[in-house]
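As a plain string of letters, each chain reads:
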Amino acid sequence: MKTYLSEVKKYYDYIFVCKYAILLTSLLFIIDVFNFPTNLLFSHNSKVTIIFLVLFTLFVLLTVVELHLFDAIKIISVNIIDAITLIILLSSILYGGISFLYSTLNSYKIVSLILILIIATVLIIVRSIRIKRSIEKVEEYQSNVVDLKDIYNGDFSITQGKPIMVSEKEVDYDLLNRSSVINLLYDTVQNCNPNDGFVISLEGSWGSGKTTIINNVKKKLESNEDLIIIDELDPWSYSNQESLFYSMFDTIIQKSGIKVNTLLTKQMADSIYGDLFGNKRTNIIKNLFKPNDTIDLLKNRINDYLKFSGKRVVFFIDNIDRAESENIILLFKLVGNVFDFKRVIYVLSFDNDRVKMAFENNLSIDYQYLKKIIQLQIRVPAVDRNVLVGTMNKCINNILISYGEERKNLGSYQSIINKICRLTDDLRDFKRFINSVLAISINNISYLDVRDLLTIEFIRINNIHLYESIYKNRKYFISHDKIVDSEIYYTSYNKKEFNASAKQFFKTLFEEQDNSKYVDLLQEIFPYVKKYNTNQELEYDSNLIVRDDSYPEISKHKRICSGKYFDLYFTKTENEYLVIGNLVEGFVNKLNKVQISDEILQIFNDLLESVPNYYHKELFERLQFFLDDIENNRVYDLIINLFKNIGKIDDSLAFFSLSARSRVEIIIWELLQKITEEQYEQFLESIKEDYDILNNISSILYWFKHDREGKNIDGRSNKMEKLYKEMGARIIEYSINLYQDKYYSRGNIWGLAKLYKDDIPTIKNYIKGIVNEDNIFRLLYDIIGISTGTNIKYSISRDNLNYLTTIDDIDEILKNAEAKTDDQKFILDVYKNYKNDIKDEWGETGIVTEEILELNP
């Protein structure tokens, strides 16, 4: 109840409630004393009484509806219904108490009063409970609009997922080390004891911090009891000269403490306004009481009051340069000639260049006129860029940390942040950057690289022309993963021509002054811009293959220079590459959290099933970039799962790149360098009878032997080589049939063939012993080569066939074999095409298809 009453007091003073309760009580007594209800009911016939009651009831209902009293009951905050309820409750108590004292409290009055008291009390209790609960919820409410100082100090917290917004309110603290100017203005005002008026100008460009300086000075002056501080006037708020004049006059009179009644104040203002503008008011009634004072006499009356009060008035007027030109000129006239009262110190804050422009637009006034008005000029020096950059840098770092970035990773942002800060003129622009970029884009688009997003969004809000040029001319900014865009990939065929056109484009683009200052920032996210800026060729036009060490980082972090992600930075949408990247990151996170090794298989299967087979290539290319993020205690289990399930991974050929399965073989090779020697021995023991992955073991050995990065651990290649040979020897010795279902996969036979490349008769005899009419199509599929290009071509190489078997052996088995499925029929057609030497118009054998076939012989 205490909370409820304190809330009511905010809007309805207790005196107000008591006054109207007394009024209502008095009205009730008048009605009671003169017996109005009885006289009304019995002095007329029943029809008149009924009509009156109906009309009165309608009037009451319409009044209730008009005042929205029913809706007011539903409103949780304090409103008119609370005031009315309290007035009724208090007046009922007063009326009942007085009636009791004078023995006029009849039974019907007692019942009526009790009923009214119960209803009012219940309503107050209900309202009290609801308002209290509402206040508790309000206290739980956490605003995400914070002050820049709190961001700078790291003294803020927000609900997870909520953006951080910064308020644009005027402040009384200094983050830019302008204490010298603050102290200068403070000392000047504090020690200025003028007999007449004194005018100080605080001049500086927009965003230089004039308002902050004034607020700091006002805060320091508050302790001086001899000063009257006036700061309510904002020239920007007035659309015409008349409203500005009257507001300024009224502010001086009211705030200085001059005890003049409202009517006289208005008359004094009218008199001065009339003399100033030649617009005399003609209201006869007002003129009867209007003193015949001139401006000088009125000023003397005000001056006498200020002089005898023993106080000085400090009148701060900020944002002068934002006002209309006519108001700017009027303001200086008033300060210099009309309101130049004694002991009044004016502090006028404005941008000198903009005020000068206003004077130049009014040809009747020379700008030099200001020299007659301003006695002391204080210029706000340019902000120390190092201080400004340091302040913004610290704020951005604190915001990134609040968004979940680890402090140890902040170093990767510093180069970009420093350049962004250098391109930001003042804290006002910086606040706009926080609200427009950090709060919206970074918080909502966390799936892209934060550094690149910060950069491109900064350019968007500051130079939309450059932003659009980048998007429209993507081929000069996408330096990686060009293959996803055929038009951009086409530039790779003529690198010399591309280099020439790109250099010309950048030259033209950055010749524009508004664009040139962003070169250093753009080179942080676009390698082509960096090469252009350092006079390098954008693409090396030679046969030498240059290793790009930056690509893993570009792909892993979804950088803007990649053709896979470039559009997303502009459209704020998602694509399949992004989805796959997120799936891989999610897989690694789940893998690191798994406590039971058996769960890894399920996680791995979920990953494979989350995308179609044709996305396996992208999936495992992405995974390779995250190998260093996998916890050491999970590496061995991942190797086992990859190896045991490698047959599930798509092995379709890719244009000028490895298949998904081949990529997994590289991943396994890399991971084998991350486990202990004991785990490595255990791994080899676990696969020694996995003849279905013999060719995969052979491929992994290839990467062991072609380690160009020095990743191999000594001895491990030899141990796997030994196991490989032992497995091959057992296959030959025991005629283990690699074409059985449990061992078969396309190409697995080549794992054995490569082992016996110097002993072809042995491999041919082995194959002759295991191949029959049931698996002949699997053998044929193994000797068929698949080439990709504009179309897909299936053909048989003579060398492949002769390496494993002979035409005679194949034909002998085919006599008893029947192609039962479409896949087998297709394989047989490719063989017949080869055998019969059927050639196309280019003189080549084989069958061409428009897409890769998933054959199952």
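The structure displayed is predicted, hence computed values, not measured ones.

Enquirer: What am I meant to see in the side chain of Asp-481 here?
Expert: Relative to the assigned elements, Asp-481 resides in the loop between helix H22 (464-472) and helix H23 (486-489). With a relative accessible area of 13%, Asp-481 lands in the buried category. The contact partners of Asp-481, leaving out residues within four places of it in the chain, are Tyr-551, Ser-562, Gly-563 and Lys-564.

Enquirer: Mind showing me how you'd approach the sheet that holds strand S3 (residues 198-203) here?
Expert: Neighbouring strands of a sheet are bound in pairs by backbone hydrogen bonds; such pairs are parallel or else antiparallel. With respect to topology, five strands assemble into an open sheet ordered S4-S5-S6-S3-S7, the strand pairing being parallel. Lying at the two open borders of the sheet, with one neighbouring strand each, are strand S4 (227-230) and strand S7 (376-379). Taking each pair of neighbouring strands and ignoring which way they run, the sheet shows an average axis angle of 15°. Sheet analysis places S3 next to strand S6 (residues 344-350), joined by six bridges and oriented parallel.

Enquirer: When you look at the nonpolar core in this model, what are you seeing that I'm missing?
Expert: Soluble globular proteins: nonpolar side chains tend toward being buried together. Among the nonpolar cores identified, the biggest contains 95 residues, and Phe-620, Leu-672, Phe-683, Met-720, Ile-776 and Leu-804 are the most heavily contacted of them. Per-element tally for this core: the top contributor is helix H34 (residues 660-672), with eight residues. Cys-395, Tyr-447, Leu-453 and Cys-561 belong to the second-largest nonpolar core, a separate cluster that totals 73 residues.

Enquirer: Is there a simple way to think about the sheet that holds strand S8 (residues 784-788) in this case?
Expert: With antiparallel pairing, three strands are arranged side by side in an open sheet as S8-S9-S10. Because the sheet does not close on itself, it has two edges, and the strands there are S8 and strand S10 (847-849). Adjacent strand axes in the sheet meet at a mean angle of 25° when their direction is disregarded. Note that S8 and strand S9 (residues 792-796) share five bridges and pair antiparallel. Pairing of Ile-786 across the sheet is with Tyr-794, part of S9. Across the sheet, helix H40 (residues 776-783) lies against S8 and S9, angled at about 45° from S8, the strand it touches most.

Enquirer: Quick question: what am I supposed to make of the side chain of Asn-216 here?
Expert: Topologically, Asn-216 is positioned in helix H10 (residues 210-221). Of the polar contacts made by the side chain of Asn-216, one reaches the backbone oxygen of Thr-212; its length is 2.7 Å.

Enquirer: It is not clear to me how the pattern of salt bridges should be interpreted in this structure. Could you clarify?
Expert: Where charged atoms from two side chains of opposite charge approach closely, those side chains can pair. Per the stated rule, a full pass over the model turns up 37 salt bridges. Salt-bridge contacts for Asp-449 lead to Arg-559; the nearest nitrogen and oxygen are separated by 3.6 Å. Taken together, the positions of Asp-449 in the loop between helix H20 (427-444) and helix H21 (450-462) and Arg-559 in the loop between helix H28 (551-556) and helix H29 (568-571) put the pair 110 residues apart, joining distant regions of the chain. The two residues Asp-449 and Arg-559 agree in class, both being buried. One salt-bridge network, in which partners are shared between bridges, spans Asp-449, Arg-451, Asp-452, Glu-553 and Arg-559.

Enquirer: What is the right way to read the packing of H21 against H22 from this model?
Expert: Packed helix pairs are specified by the crossing angle of their axes together with the interaxial distance, meaning the distance between the axes. Contact pair H21 / H22: the axes reach a minimum separation of 6 Å and the direction vectors enclose 130°. Between H21 and H22, the angle falls in the class oblique. For the pair H21 and H22, the contacting residues are Ile-456, Glu-457, Ile-459, Arg-460 and Asn-462 in the first and Ile-464, Leu-466, Tyr-467 and Ile-470 in the second. Of the residues contributing to the contact of H21 with H22, the split by class is six nonpolar, one polar and two charged.

Enquirer: What is the right way to read the packing of H40 against helix H42 (residues 807-814) from this model?
Expert: Interhelical geometry of H40 versus H42 gives an angle of 145° and a closest axis separation of 10 Å. Between H40 and H42 the crossing geometry is left-handed. Contact residues: Ile-776, Phe-777, Leu-780 and Ile-783 in H40; Ile-810, Ile-813 and Leu-814 in H42. Looking at side-chain class alone, the contact of H40 with H42 contains seven nonpolar, no polar and no charged residues.

Enquirer: What should I look at first to understand unusual backbone geometry in this one?
Expert: With glycine set apart, most residues show a phi of negative sign, and most peptide bonds adopt trans. Notably, Asn-319 is not glycine yet its phi reads approximately 60°, a positive angle. Within the secondary structure, Asn-319 sits in the loop between strand S5 (312-317) and helix H15 (325-338). In this structure Asn-319 comes out as buried when scored by relative accessible area, which is 12%. Despite not being glycine, Arg-343 shows a phi value in the positive range, around 60°. Position of Arg-343 relative to the elements: it lies in the loop between H15 and S6.

Enquirer: I tried to follow H42 on my own but got confused; where do I start?
Expert: A turn of α-helix holds 3.6 residues, and therefore any two residues three or four places apart point the same way. Taken together, the buried positions of H42 are occupied by Ile-810, Asp-811, Ile-813 and Leu-814. Buried residues along H42 cover an arc of 165° about the axis, so they all sit on one side.

Enquirer: Would you explain the environment of Ile-827 in this entry?
Expert: Along the chain, the position of Ile-827 falls in helix H43 (residues 822-835). Put simply, Ile-827 and Ser-795 are 32 residues apart on the chain and 9.5 Å apart in space, counted from C-alpha to C-alpha. Residues contacting Ile-827, with those up to four places away along its chain left out, are Phe-777, Leu-780, Tyr-781, Ile-784, Leu-855 and Pro-857.

Enquirer: Would you explain a nonpolar patch on the surface in this entry?
Expert: Residues Ile-50, Ile-51, Val-54, Leu-55, Leu-58, Leu-61 and Leu-62 make up a contiguous nonpolar surface patch of about 680 Å² in total accessible area. Its place among the elements puts Leu-61 in helix H4 (residues 46-66). Overall, the relative accessible area of 44% leaves Leu-61 in the partly exposed class.

Enquirer: Please explain the packing of aromatic side chains as it appears in this structure.
Expert: The description of two aromatic rings rests on the distance between their centres and on the angle between their planes. For the coordinates displayed, the defined rule picks out 34 aromatic pairs. Between the aromatic rings of Phe-433 and Phe-458, the centroid separation amounts to 5.7 Å while the plane-to-plane angle is 80°, which identifies the pairing as edge-to-face. You can see Phe-433 sitting in helix H20 and its partner Phe-458 sitting in helix H21, a full 25 residues away along the chain. Judged by its relative accessible area of 1%, Phe-433 is buried. Judged by centre distance (5.9 Å) and plane angle (40°), the rings of Tyr-739 and Tyr-744 are tilted. With respect to burial, Tyr-739 and Tyr-744 carry one shared label: buried. Among the aromatic residues, those joined into a cluster by ring pairs are Tyr-476, Phe-477, Phe-498, Phe-505, Phe-506, Phe-510, Phe-526, Tyr-528 and Tyr-532. Here the guanidinium or amino end of Lys-394 rests over the ring plane of Tyr-152, the centre of that ring lying 4.3 Å away. Here Arg-746 stacks its cationic end above the ring of Tyr-781, 4.4 Å away from the centre of that ring.

Enquirer: In this structure, what is going on with the pairing of S3? I would like to understand it.
Expert: A regular strand carries its side chains on alternate faces of the sheet. Extensive coverage of S3 is indicated by the burial of six of its six residues. Judged by which residues are buried, S3 turns out to be covered on both faces: Phe-198, Ile-200 and Leu-202 on one side and Val-199, Ser-201 and Glu-203 on the other are all buried. Two strands pair when backbone bridges link them, and S3 and S7 are joined in this way by four bridges, in the parallel orientation. Note on S7: the bridge partner recorded for Leu-202 is Ile-378.

Parameters at a glance
- Residues numbered from 1 in each chain as written.
- Predicted model: local features only at pLDDT ≥ 70, side-chain atom pairs only at ≥ 80, totals over all residues.
- Heavy atoms only, no water.
- Helix = DSSP H or I, 4+ residues; strand = E, 2+ residues; numbered from the N terminus.
- Buried < 20%, exposed > 50% of the residue type's maximum accessible area, 1.4 Å probe, protein only.
- Contact = heavy atoms within 4.5 Å.
- Pairing = 2+ DSSP bridges.
- Axes fitted to C-alpha atoms, helices over the stretch in contact; angles between N-to-C directions.
- Core = buried A, V, L, I, M, F, W, Y, C linked by side-chain atoms within 4.5 Å.
- Polar contact = N/O pair within 3.5 Å; in protein donor to acceptor, adjacent residues only side chain to side chain.
- Salt bridge = Lys/Arg side-chain N within 4 Å of Asp/Glu carboxyl O.
- Parallel < 35°, antiparallel > 145°, perpendicular 65-115°, else oblique.
- Nonpolar A, V, L, I, M, F, W, Y, C, P; charged D, E, K, R; others polar.
- Left-handed = near helix turned anticlockwise from the far one by under 90°.
- Arc of directions from axis to C-beta.
- Patch = residues over 30% accessible without salt bridge, like charges linked within 9 Å, V, L, I, M, F, W, Y side chains within 5 Å.
- Areas by Shrake-Rupley, 256 points an atom, 1.4 Å probe, with all protein chains shown as cover.
- Phe/Tyr/Trp six-rings, centres within 6.5 Å; stacked < 30°, edge-to-face > 60°.
- Lys NZ or Arg CZ within 6 Å of the ring centre and 35° of its normal.

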